[in-house]
Amino acid sequence: MPAFDEALQRAGEFGRFQRLVFLLLCLTGVTFAFLFVAVVFLGGRPERFWCRGPGAAALAERCGWSAEEEWNRTAPAGAGGSCRRFRLEAAAAPANASAPACADPLAAFPNRSAPLVPCRGGWRYLQARATVVSQFDLVCGNAWMLDLTQAILNLGFLAGAFTLGYAADRYGRIVVYLISCFGVGVTGVVVAFAPNFPVFVVFRFLQGVFGKGTWMTCYVIVTEIVGSKQRRIVGIVIQMFFTLGIIILPGIAYFIPNWQGIQLAITLPNFLFLLYYWVVPESPRWLVTRKRGDEALKILRSIAKCNGRYLSPSCSEITVSDEEVSNPSFLDLVRTPQMRKCTLILMFAWFTSAVVYQGLVMRLGIVGGNLYMDFFLSGVVELPGALLILLTIERFGRRLPFAASNLLAGVACLVTAFLPEGTPWLRTTVATLGRLGITMAFEIVYLVNSELYPTTLRNFGVSLCSGLCDFGGIIAPFLLFRLAAVWLDLPLIIFGVLASVCGGLVMLLPETKGIALPETVDDVEKLGSPHSYRCGRKQKTPVPGAAL
């Protein structure tokens, strides 16, 4: 009696059906990348801003100033903007004979210096594009609120990892995926038309929850419907679509003049994914583990037909574990020695990848320049990482490239921190190698994580471990900027240590090259032992009604 992987091999491990489903679900990576990094364009800092008091407002109306003229004549001198304003109320009163002239409002004050007072509202902006900052006045004392919006999004990712990861293992992959796509679309539209900042923050959190559901669930689906030899390809290529989203986003932002338009442009495509209801089936591997053999068999026959294969009705039954189906919990991930080791190491790997990756991205952004071109190039840098993984992961296995990429990132960060300041080209080159290394590590951890958990715990396990990625994303900005205030290169030392330690720890993980996806905890415990299996499975109890 064949195991599920053997039955899938007969139906076709990566035939026409899998290629179609894979391509469709890969598009989710593009939209998730939009959500992940869009704050760079949604929350761009205005070129110039100032506080408009009652006196300045009266003068602007009386004199018919443009925004540019008002900035030049009433805003305190300073680069970009000022958090204080000139007190012009008394001098601007029509009854006051010494009212300043429209040509030079400060001429009426001694030494052309009007009193400066704190701003209580009435912000004005000179900018080519409207952003979240100008919409909700996130400047000066409220500037930290823009960082809060990204932290809230990552909190949403974290909540989605726990809730929707659990739901996908209990209620099915595709139903959670479709609900998540609908949720991302609805909450994203509300974010675009949020009437105030609290509404914006609440629905950005919810968009993070559903966004994590779409990304993690689609990743699990594509790895479960293909054979073990194809998992390395689909696991890496789907993340190349994430990189594609990073490359596309600056083009979208360049041609749309306001943040609401950008938000709608990156949100509305999620509604198109609801059409997958008629194209993408439930994961047959998940159905088998839930004792729903008839449904799994029906899907396998559809896959075989689309792939030009034939499953004979006289074939044996699909064999699965005779363990009772139970709902996943965190204890299942740490109850046995091998599962516990994998879970703890993978959590640290996710955390390290997020902190170092986002830290290096933000650090490169400090140098300034053309935002759209710099962002585009930062995405292009990630493409060689995916290609290197595809070239090495099957030849050398998972562990060695995983460890080497982390070590490359760690060493590059440490070297960059101690390079002389007078060699910017060398520092940039070495830092780019670090970005390449951590990008590879980030992409490999997805693949390794899905291969080290059994089917009954896979979605929950991947979601839970990747929750540490979201936690890393929350603290990365604070870690970077707080430490940089002490010493500009201090964050690089922290990044280097984290990545280097991670590179050593991942070598303790079992190798999964060429190994069939584990279906039970017992299968995971046998990984790395002589009892590991590559082509077949131990005979198990057949699912009633699942004869081929």
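Residues numbered from 1 in each chain as written. Predicted model: local features only at pLDDT ≥ 70, side-chain atom pairs only at ≥ 80, totals over all residues. Heavy atoms only, no water.

Caption draft 1: Layout of the overall build of the protein. Counting its secondary structure elements, the protein contains 23 helices and six strands. Expressed as a percentage of its 548 residues, the buried residues of the protein come to 55%. Counted over contacts in the protein with a minimum sequence separation of 6, partners at least 24 positions apart contribute 82%. Carbon and sulfur atoms make up 66% of the accessible area of the protein, which amounts to about 22,600 Å² in all. (Helix = DSSP H or I, 4+ residues; strand = E, 2+ residues; numbered from the N terminus. Buried < 20%, exposed > 50% of the residue type's maximum accessible area, 1.4 Å probe, protein only. Contact = heavy atoms within 4.5 Å. Areas by Shrake-Rupley, 256 points an atom, 1.4 Å probe, with all protein chains shown as cover.)

Caption draft 2: Geometry of helix 7 (residues 144-171). For helix 7, built from 28 residues, the straight-helix expectation of 40 Å at 1.5 Å per residue is met to within 8% by its first-to-last C-alpha distance of 39 Å. The sharpest bend along helix 7 comes to roughly 30 degrees, located at Gly 160. Immediately downstream of helix 7, the backbone of Gly 172 shows phi near 120 degrees, a positive value. (Expected span 1.5 Å × (residues − 1). Bend = angle between axes of the 7 residues up to and from the residue.)

Caption draft 3: A look at unusual backbone geometry. Backbone geometry at Asp 137 places phi at a positive 55 degrees, although glycine is not the residue there. By secondary structure assignment, the location of Asp 137 is in the loop between helix 6 (132-136) and helix 7. The exposure class of Asp 137 is partly exposed, given its relative accessible area of 26%.

Caption draft 4: Region of the structure containing the confidence of the model for the protein. Here the protein shows a mean pLDDT of 80. Residues at 70 or above account for 81%. Contacts of residues 95-99 to residues separated by more than four positions or lying in other chains number seven contacts, the stretch itself having pLDDT below 50. Scored below 50 in pLDDT, residues 535-548 makes 60 contacts in the model with residues more than four places away or belonging to other chains. (pLDDT = per-residue confidence, 0-100.)

Caption draft 5: View of a nonpolar patch on the surface. On the surface, a nonpolar cluster with roughly 700 Å² of combined accessible area is contributed by Leu 20, Leu 272, Leu 275, Tyr 277, Trp 278 and Val 279. What makes Leu 272 exposed here is its relative accessible area of 56%. (Patch = residues over 30% accessible without salt bridge, like charges linked within 9 Å, V, L, I, M, F, W, Y side chains within 5 Å. Salt bridge = Lys/Arg side-chain N within 4 Å of Asp/Glu carboxyl O.)

Caption draft 6: Here's a closer look at the packing of helix 10 (residues 228-255) against helix 18 (residues 383-396). Interaxial distance between helix 10 and helix 18 falls to 9 Å at its minimum, and their mutual angle equals 175 degrees. Between helix 10 and helix 18, the angle is such that the two are roughly antiparallel. For the pair helix 10 and helix 18, contact is made by Arg 232, Ile 233, Ile 236, Met 240, Thr 243 and Ile 247 and by Leu 383, Ala 386, Leu 387, Ile 389, Leu 390, Ile 393 and Glu 394, respectively. Of the residues contributing to the contact of helix 10 with helix 18, the split by class is 10 nonpolar, one polar and two charged. (Axes fitted to C-alpha atoms, helices over the stretch in contact; angles between N-to-C directions. Parallel < 35°, antiparallel > 145°, perpendicular 65-115°, else oblique. Nonpolar A, V, L, I, M, F, W, Y, C, P; charged D, E, K, R; others polar.)

Caption draft 7: Main features of the packing of aromatic side chains. Applying the stated criterion across every chain, the model contains 24 aromatic pairs. When the ring of Phe 41 is compared with that of Tyr 372, the centres are 5.6 Å apart and the planes differ by 20 degrees; the resulting orientation is stacked. Taken together, the residues Phe 41 in helix 3 (residues 39-42) and Tyr 372 in helix 17 (residues 371-380) connect sequence positions 331 residues apart. By relative accessible area, which is 7% here, Phe 41 ends up buried. (Phe/Tyr/Trp six-rings, centres within 6.5 Å; stacked < 30°, edge-to-face > 60°.)

Caption draft 8: Looking closely at the environment of Leu 164. If you trace the backbone, Leu 164 turns up in helix 7. Taking relative accessible area as the criterion, Leu 164 reaches 15% and is therefore assigned buried. When the C-alpha atoms of Leu 164 and Gly 213 are compared, they prove to be 5.6 Å apart, with 49 residues separating the residues in sequence.

Caption draft 9: Representation of the nonpolar core within the structure. Membership of the largest hydrophobic core comes to 131 residues, with the highest contact counts inside it found for Leu 25, Tyr 177, Phe 200, Leu 346, Phe 402 and Leu 509. With near-sequence residues (within four places) excluded, Phe 402 lies in contact with Ala 349, Ala 441, Ile 444, Val 445, Val 448, Val 506 and Leu 509. Judged by nonpolar contacts, the second largest core, of five residues, contains Leu 164, Ala 167, Ala 168 and Val 209. (Core = buried A, V, L, I, M, F, W, Y, C linked by side-chain atoms within 4.5 Å.)

Caption draft 10: Region of the structure containing the pattern of salt bridges. One pass over the full model with this rule turns up six salt bridges. Arg 173 is the partner of Asp 169 in a salt bridge, and the nearest nitrogen-oxygen pair spans 2.4 Å. Like Arg 173, Asp 169 is buried. Shared partners join several salt bridges into a network, and the residues in it are Asp 169, Arg 173 and Glu 224.

Caption draft 11: Molecular detail of helix 22 (residues 490-505). Here helix 22 spans 23 Å end to end across 16 residues, near enough to the 22 Å set by a 1.5 Å rise per residue. For helix 22, the set of buried residues is Pro 491, Leu 492, Ile 493, Phe 495, Gly 496, Leu 498, Ala 499, Cys 502 and Gly 503.

Caption draft 12: Region of interest: the state of the cysteines. Taken as a whole and assessed by the stated rule, the structure comprises zero disulfides. Its sulfur unpaired, Cys 181 is 8.2 Å from the next cysteine sulfur, which belongs to Cys 218. On the basis of relative accessible area, Cys 181 is assigned to the buried category, the value being 0%. (Disulfide = S-S within 2.5 Å.)

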